[in-house]
Amino acid sequence: MGLPALEFSDCYLDSPQFRDRLKSHELELDKTNKFIKELIKDGKALIQALKNLSTAKRKFAESLNEFKFQCIGDAETDDEICIAKSLQEFAGVLQNLEDERTRMIENANDVLIMPLERFRKEQISAAKEAKKKYDKETEKYCAVLEKHLSLSAKKKEAHLHEADSQVDHVRQHFYEVSLEYVFKVQEVQERKMFDFVEPLLAFLQGLFTYYHHGYELAKDFNHFKTDLTISIQNTRNRFESTRSEVDISHDTMEGYLFVQEKRSFVSTWVKYYCTYHREPKRVTMVLFDQKSGGKVGEEESFTLKSCTRRKTDSIEKRFCFDVEGVDRVVLTSLAGAEAVYNLNRDSQSEGMVQLDVVGFNVVKKFIYAVETRGIDEQGLYRIVGVNSRVQKLLGLAMDPKTCADVELDSTEWEIKTITSAIKFYLRMLPAPLMTYQYQRSFIKAAKRDNQEARITEIHSIVHWLPEKNRQMLDLLTKHLANVANHHQQNLMTVANLGVVFGPTLLRPQEETVAAIMDIKFQNIVVEILIENHERIFNDMPVPGGGPANLQLNLQPRRRSTESKAPSCSERPLTLFHTPTHSQKGGHNSLSSSHTPFLMFSVSQETFKLPEICTQRLSIWERRYYKTLWYSWSFTCHCSRQLGVVGHSKCPMWYPSELDYNMLFSLPLCSVPGRQARALYACKAEHHSELSFIAGTTFENVHSSREPGWLEGTLDGRTGLIPENYVEFV
């Protein structure tokens, strides 16, 4: 219930009821005064807390701003760049928010604390002063009345009139003070409705302004937040993909093996319990017979060099493999399911699927089944099928005898089995679909800062791929673009498809740590191919848009005999075999040759084409022209200076514009045939190439017209040999 009203007429009566009503108003004023006093105290504490919070947030923002991400590798993806600058973006948002908070704090003292203190001092304190005055006048008035009562009637008339006048005067003054006090009390009660509440409203308005500023900041930040969320998800997916590509084998493998031993001109199989420790590559063998229940022989140990499956057509037994140690070779057999453990990936190339008509038909058949049956299936290509079912499907589809019987429309073959078969086919190709030769070029293109530059360069490199590879890549990326168009149903975005197919289409020849860290750029290449499929495969690349390292890669390679198999991307666009320097004794290098011009090292800066000639050529003519131009200019120079040996660079001589017409009719320089030995195994992909294993010796080896290839004779057959797979003897 509210306070009773104070009537001004009651000031004259000064009744007990009036005094009670006035007392209730005075208690309310005291309560209000205490409340405002506490509120001011709490308000100051709040402002100080806001200042402390602002200071802490600013310090937190400074810490975020000072931290810099260091990514592994020589380049960063767009997602990594977005993530790397996210902390600075966070710091900027926090700083901006705290600037607004500082303005709010500075205004809080003016709009909240000072008005409340002013209300207490000017209104409530004034009411208290009026009460003191009222109480004083009340005591004075009561004292005058008591004095007047004790006045004797026998006093003189003049004295009585003077006493009456004094009482009237005091009474009049008391009424005035009473009216002023009542007026002030009611004024304070009324003024607190706005003078007290209005500062609180102004303070809340400042808070609302601060929060609205945060809302606007959040709206402006929303675009970056969305990009960052996608970048984090893409980075996480690429991390999971990269981690899955890393071969994390068991540290120790144990089990029984049968080892073939020759005794008295007879080969027998002896049972051993074997233990393999992965880190030192040590194999321990113990002759053991469970029937006797104890050891039969001493423990043997050796360092493993390779473990290769033995083909069933070379031995009567199944599940056999050759174990080669540093100082011994044994033939072992499993007493169970067939297993393959191979430390030499090059030896696995035999028996792989090929990029031929059968492969194209199978892939087209699989893609048609996916697009007609399961294009909207969630996790398409990410969810893998059962390995045995996948291999069975691919085996039936690739076999000319059974391919017609494979019905992909039936429920016998799940969509995940079909999609896994497509991926398995691409992984089983002798070389990745986008080739080892251009793998590094694609990666370098993906590392460019500008997105348009990436697309343009990848566009050019795609058209350098072999025709079959480019056709299969066109077929595949067109299908993946269709899959990505249904991402709202199948949840497979372009980024997700890049994670799935990047390591498959662009796997490196050597699985180094650096190559593993480049998987994220492989994914980016696939994303660009999917997003720009129509442009890349339907339009010819812009002249001059290709990578420079594909056009001018004439640096000679220096390699010791201990080095690993070189990447095909290192093959130079030259018609001559460049010098190979060996670090071991017993191997002659080309530097000892009596052919003077083979001594020269032609650098990328030395070789340049006249602009007047290149303007006429298409991209394909320019590629052949550059190779032939180097051959011709090099031959002309060296034929004139056969006596000059040991120059570090060979100066170039350029013909005039008229010489261009006779360029392709000039004979190439010939190199005397020599013997060469294969460092690595290679399987021919064309009828003009030779297949061979490591250690094969070639006769009459000399340079060929094909860039990066030599020509030699093996078993009476002449063909092409990869230049960086052999060394001269």
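Right, let's walk through the structure included here. Predicted, not measured: the structure shown is a model, and the values here were computed from it.

Cut-offs applied
- Residues numbered from 1 in each chain as written.
- Predicted model: local features only at pLDDT ≥ 70, side-chain atom pairs only at ≥ 80, totals over all residues.
- Heavy atoms only, no water.
- Helix = DSSP H or I, 4+ residues; strand = E, 2+ residues; numbered from the N terminus.
- Buried < 20%, exposed > 50% of the residue type's maximum accessible area, 1.4 Å probe, protein only.
- Contact = heavy atoms within 4.5 Å.
- Areas by Shrake-Rupley, 256 points an atom, 1.4 Å probe, with all protein chains shown as cover.
- Pairing = 2+ DSSP bridges.
- Axes fitted to C-alpha atoms, helices over the stretch in contact; angles between N-to-C directions.
- Parallel < 35°, antiparallel > 145°, perpendicular 65-115°, else oblique.
- Nonpolar A, V, L, I, M, F, W, Y, C, P; charged D, E, K, R; others polar.
- Core = buried A, V, L, I, M, F, W, Y, C linked by side-chain atoms within 4.5 Å.

**A look at the overall build of the protein**
Scanning the protein from terminus to terminus reveals 19 helices and eleven strands. Out of the 729 residues in the protein, the part that is buried amounts to 43%. If you take every contact in the protein between residues at least 6 apart in sequence, the share linking residues at least 24 apart comes to 67%. Of the accessible surface of the protein, which amounts to about 40,100 Å², a share of 53% is contributed by carbon and sulfur atoms.

**Remarks on the sheet that holds strand S8 (residues 697-703)**
Strand order in the open sheet formed by five strands is S10-S9-S8-S7-S11, with antiparallel pairing between adjacent strands. Each end of this open sheet is capped by a strand with a single partner; those strands are strand S10 (717-722) and strand S11 (726-728). Here the strands of the sheet are splayed against their neighbours by 45° on average, with no regard to which way each runs. Alignment of strand S9 (residues 709-714) against S10, held across six bridges, turns out to be antiparallel. For Leu-714, the partnering residue across the bridge sits in S10 and is Arg-717.

**Some points on the packing of helix H6 (residues 357-373) against helix H11 (residues 467-485)**
Two numbers describe how H6 lies on H11: the axes approach to 11 Å, and their chain directions differ by 5°. Here H6 lies roughly parallel to H11, going by the angle between them. On H11, the residues that touch Gly-359, Phe-360, Val-363, Lys-364, Ile-367, Val-370 and Glu-371 of H6 are Lys-468, Gln-471, Met-472, Leu-475, His-479 and Asn-482. Among the residues making up the contact of H6 with H11, the classes are represented as six nonpolar, four polar and three charged.

**Some details on the nonpolar core**
Membership of the largest hydrophobic core comes to 65 residues, with the highest contact counts inside it found for Phe-366, Tyr-381, Tyr-425 and Phe-442. Apart from residues lying up to four places away in sequence, Phe-366 is in contact with Leu-393, Leu-394, Ala-397, Leu-408, Ile-418, Ala-421 and Ile-422.

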